[in-house]
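These are the residues of each chain, in order.
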Amino acid sequence: MGIRAGLSGVAIAVLAATSAYAQTPVKIGLITTLSGPGGYLGADIRDGFMLAVEMGGGKLGGIPVEVAIEDDGFKPGNGKQIANKFLQNDKIKLFTGIVFSNIANATVPDIVDAGAVYVSPNAAPSNFSGKDCNKNYFVVSWQNDALHEAGGQDATNLGYKKAFLLALNYQAGKDALTGFKRYFKGEIIGEVYTRLDQTDFATEMAQIRAANPDVVYQFHPGGLGITFARQYQQAGLLGTIPMVVAEPSMDSTIVKAVGDAAVGVNVSAHWNTDFDNDANKAFMTAWRQKYGADRVPTFYASQGYDTALAMGAGLKGVNGNLDDIDAFDAAMRKADFHSVRGAFKFGNNQHPIQDWYALRVEKGADGKPFLKTLGKIMSDHGDAYAKDCKL
Amino acid sequence: MTLAIEQILNGVQFGVMLFLLAAGLTLVFGIMRIINLAHGSFYMIGAYGAAFAAQQTGSLVLAVLAGLAAAAAAGAVIEYVVIRRLYSRDYVQQVLATFGLILFINEGATMLFGREPLYVPMPAALSGVVQIIPGILYPAYRLVIIATGLLVAVALSLFVNKTRMGMLVRAGSTHREMVRALGVNVRLLYTFVFGLGALLAGLGGVLAGPVLAVQVGMGEQILILTFVVVVIGGVGSIRGAFAGAMIVGITDTLLRVLLPVVLRSVMTVSQADALGAGLSSMGIYLVMAAVLLIRPQGLVRVQS
């Protein structure tokens, strides 16, 4: 025994002491879509999230973090696989990143059932907002239906009476039209669900033309939104039948890609680049500095950023210690951060209660189309499922 | 009524696009006896070539030429490097080799152009609607696609029936050994046929670019239906490819439009649309099965 044991004892003590000063970074798993037509959505969420980490000097809420990023390739199976890998191999307890609701439906249950926490920067399917809510599941973006309830209210405010609806045929698409119908006071004269892999909307355009509605409401996020808007214009419908959409169908990347054909479209949103609060000004300044004035952030980037801040508030509340997940959940619930949207708090189902605004695509002074904020549609709006959640 | 006419036009346009791909595939399959799974890749290469040239130069003519040249060049290179070694091999090895080609070309496209789709600006003159008959509006560009496809069909038909090269192509399809025995350079004939097939597929890609998004994997989506068209129409026959393409295009479009309407009376809209989309894809294969049961050689018999 003697000297050797004594030396190793000293060594262990020294190591333990130094580790108390140098905190091991908290690992965060970011699973998102980085390829295909939905690729730029995941890229913006990632870049918004990492911008917040960078602005914190590699820390969120003063706690050092290490973010592992992987691409789910728009396949639910991949999302599930990556999550299980992170849970089992890397022992990650904090997850975020998923863009699409079908991937969320496959991946989130595995995460929360394993006792880890998932904070959603985008997808918020209705089936997790009500009676299947979970104490380890937070949403920073919106509840899927609520996003389109604002759209329905926008269409009603604008005075439209007959609407033709289109959405992608997956969970978020169904939530979209359910939400729209809850708040639209006019008549629905057509409802079409398009396939996830569909790139040609010629038959749908013909149906719209034949139905002759006052307004078209469509939900096609990402690259499909670009394709839809272009084909809408090619079919000659753009000048004759106005479009009202929610943010995902007309984000700033879609506006840029579609060009002048997008001018005049009404958009319901919870965030825009021109919001006047301090948190947003800091975000926009930092973003422009890093990515230049040419790359306009979409709301996905703002959601990634807000998610990072929300996680930071949670981590600060438990001083980076994730051994007691319930304590972390309690800290998260306080939403002790300044959102770039302005007013933000969590409802009892841990989904946001926030304001919704009416935007329109207009032509800027430089001749290029951009999203302009016109006014508020709803204040402190939660969602229709909170009452079913037992939390 | 106007809706029905517009949907039929949509079906014709889809059929024309399938014909451009199927014509090349049926010639390659019929004359060279090669199953080329990478045929859809020529479609993608044509689309990317045109999109890239359009972004760099902004010129419509240059974009079209670049797309066609890219597809034809790719066809020549692939024929020389890969296909030549497959002439004497059996079908399984051809499928394996050309499937590997698909993966290789897709990765190459990802490395060159990234994972996000490219959007080709539509030539301004064609971006509106045209009133074909009073009361019926149809996008001008899709009319151009239909017109181009029909022109290509006529040109191919004239070529195959009226020129010496076309005669060799027909002969090579039905009496290959005799053609070789008569001293015709069959190697050159094969290279020409393969290049022509690649060029036609590339033309399809160039035309599709402004309408759809140009992205990696776009060829595989349309390739499966192309094989169905070739099987229905009869291997080796261009007339068969045209007939098959029109049948598949119009049937698929009309099924996609009518089935959901019928199903909505018995289930929710979202379920009806999903089931309708699934059943209409199945419908095409049912048509193929029916044709194979009645006329196993396809609609237009070519083999003697």
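Bear in mind that the values here come from a model prediction, so they are computed numbers and not experimental data.

Conventions adopted
- Residues numbered from 1 in each chain as written.
- Chains lettered and ligands numbered in written order.
- Predicted model: local features only at pLDDT ≥ 70, side-chain atom pairs only at ≥ 80, totals over all residues.
- Pairing = 2+ DSSP bridges.
- Helix = DSSP H or I, 4+ residues; strand = E, 2+ residues; numbered from the N terminus.
- Contact = placed C-beta atoms within 7 Å.
- Axes fitted to C-alpha atoms, helices over the stretch in contact; angles between N-to-C directions.
- Buried ≥ 20, exposed ≤ 12 C-beta atoms within 10 Å, placed from the backbone.
- Domains from an automatic or database assignment.
- Right-handed = clockwise from strand over helix to strand, strands pointing away.
- Core = buried A, V, L, I, M, F, W, Y, C linked by C-beta atoms within 7 Å.

A. Up close: the sheet that holds strand 4 (residues 94-96) of chain A. Residue and element names in this part refer to chain A. A sheet is described by the order of its strands in space; here six strands give the open sequence 2-3-1-4-5-6, paired in mixed fashion. Edge strands, defined here as strands with exactly one partner in the open sheet, are strand 2 (59-60) and strand 6 (137-139). The pairing of strand 1 (residues 26-32) with strand 3 (residues 63-71) spans seven bridges and is parallel. Each residue of the ladder has a partner; that of valine 26, found in strand 3, is valine 65. Contacts from helix 2 (residues 39-55) reach strand 1, strand 2 and strand 3, with the element oriented near 160° to strand 1. Packing against the sheet, helix 3 (residues 76-88) makes contact with strand 1, strand 3 and strand 4, and its axis sits at approximately 170° to strand 1.

B. Here's a closer look at the interface of chain B and chain A. If you look at the interface, chain B gives 29 residues, while chain A gives 27 residues. Every element with two or more residues in the side of chain B that touches chain A is listed here: helix 1 (2-32), strand 2 (136-139), helix 5 (140-162), helix 10 (238-263) and helix 11 (269-294) of chain B.

C. Region of interest: the environment of isoleucine 145 of chain B. Residues and elements named next belong to chain B. Looking at where isoleucine 145 falls in the secondary structure, it is placed in helix 5. The class of isoleucine 145 is buried, set by 22 C-beta atoms lying within 10 Å. The sequence separation of isoleucine 145 and valine 16 amounts to 129 residues, and the corresponding C-alpha distance is 7.5 Å. When sequence neighbours within four positions are dropped, the list of residues in contact with isoleucine 145 reads Gln13, Val16, Met17 and Leu207.

D. Structural view of the domain arrangement of chain A. Residues and elements named next belong to chain A. Domain annotation for chain A reports domain 1 (21-142 + 275-346) and domain 2 (145-269 + 356-386). Taking the mean C-alpha position of each, domain 1 and domain 2 sit 26 Å from one another. Listed by partner, the interface residues are 17 residues for domain 1 and 18 residues for domain 2. At the level of secondary structure, the elements contributing two or more residues to the side of domain 1 that touches domain 2 comprise helix 2 and helix 4 (101-113).

E. Representation of the pairing of strand 10 (residues 243-246) of chain A in the model. Residues and elements named next belong to chain A. The side-chain alternation of strand 10 yields two buried faces, one formed by Met243 and Val245 and the other by Val244 and Ala246. Pairing analysis gives three bridges linking strand 9 (residues 215-219) to strand 10, with the strands arranged parallel. Note that in strand 10 the partner of glutamine 218 across the bridge is valine 245. For the segment spanning strand 9, helix 8 (residues 223-234) and strand 10, crossover handedness is right-handed. For strand 10 and strand 11 (residues 266-269), the ladder comprises three bridges, and the chain directions are parallel. Each bridged residue has a counterpart across the sheet, and for valine 244 the counterpart in strand 11 is asparagine 266. The β-α-β motif built from strand 10, the intervening helix 9 (residues 252-258) and the parallel element strand 11 has right-handed crossover chirality.

F. Region of interest: unusual backbone geometry. All names here are of chain A. A positive phi angle, close to 65°, is found at phenylalanine 74, a residue other than glycine. In this structure, phenylalanine 74 sits in the loop between strand 3 and helix 3. On the basis of neighbour counts, which here come to 23 C-beta atoms within 10 Å, the residue phenylalanine 74 falls in the buried class. For lysine 91, which is not a glycine, the phi torsion comes out positive at approximately 55°. Secondary-structure assignment places lysine 91 in the loop between helix 3 and strand 4.

G. Focus on the nonpolar core. The biggest cluster of nonpolar side chains holds 219 residues, and the ones touching the most others in it are Leu18, Phe19, Ala22, Ala47, Ala50, Ala71 and Val229 of chain B. Per-element accounting of this core gives the leading share, 17 residues, to helix 1 of chain B. Here this core gathers at least three residues from each of two domains, domain 1 (21-142 + 275-346) and domain 2 (145-269 + 356-386) of chain A. What leucine 18 of chain B contacts, discounting residues up to four positions off in sequence, is Leu225, Thr226, Val229, Ala245, Val248 and Gly249 of chain B.

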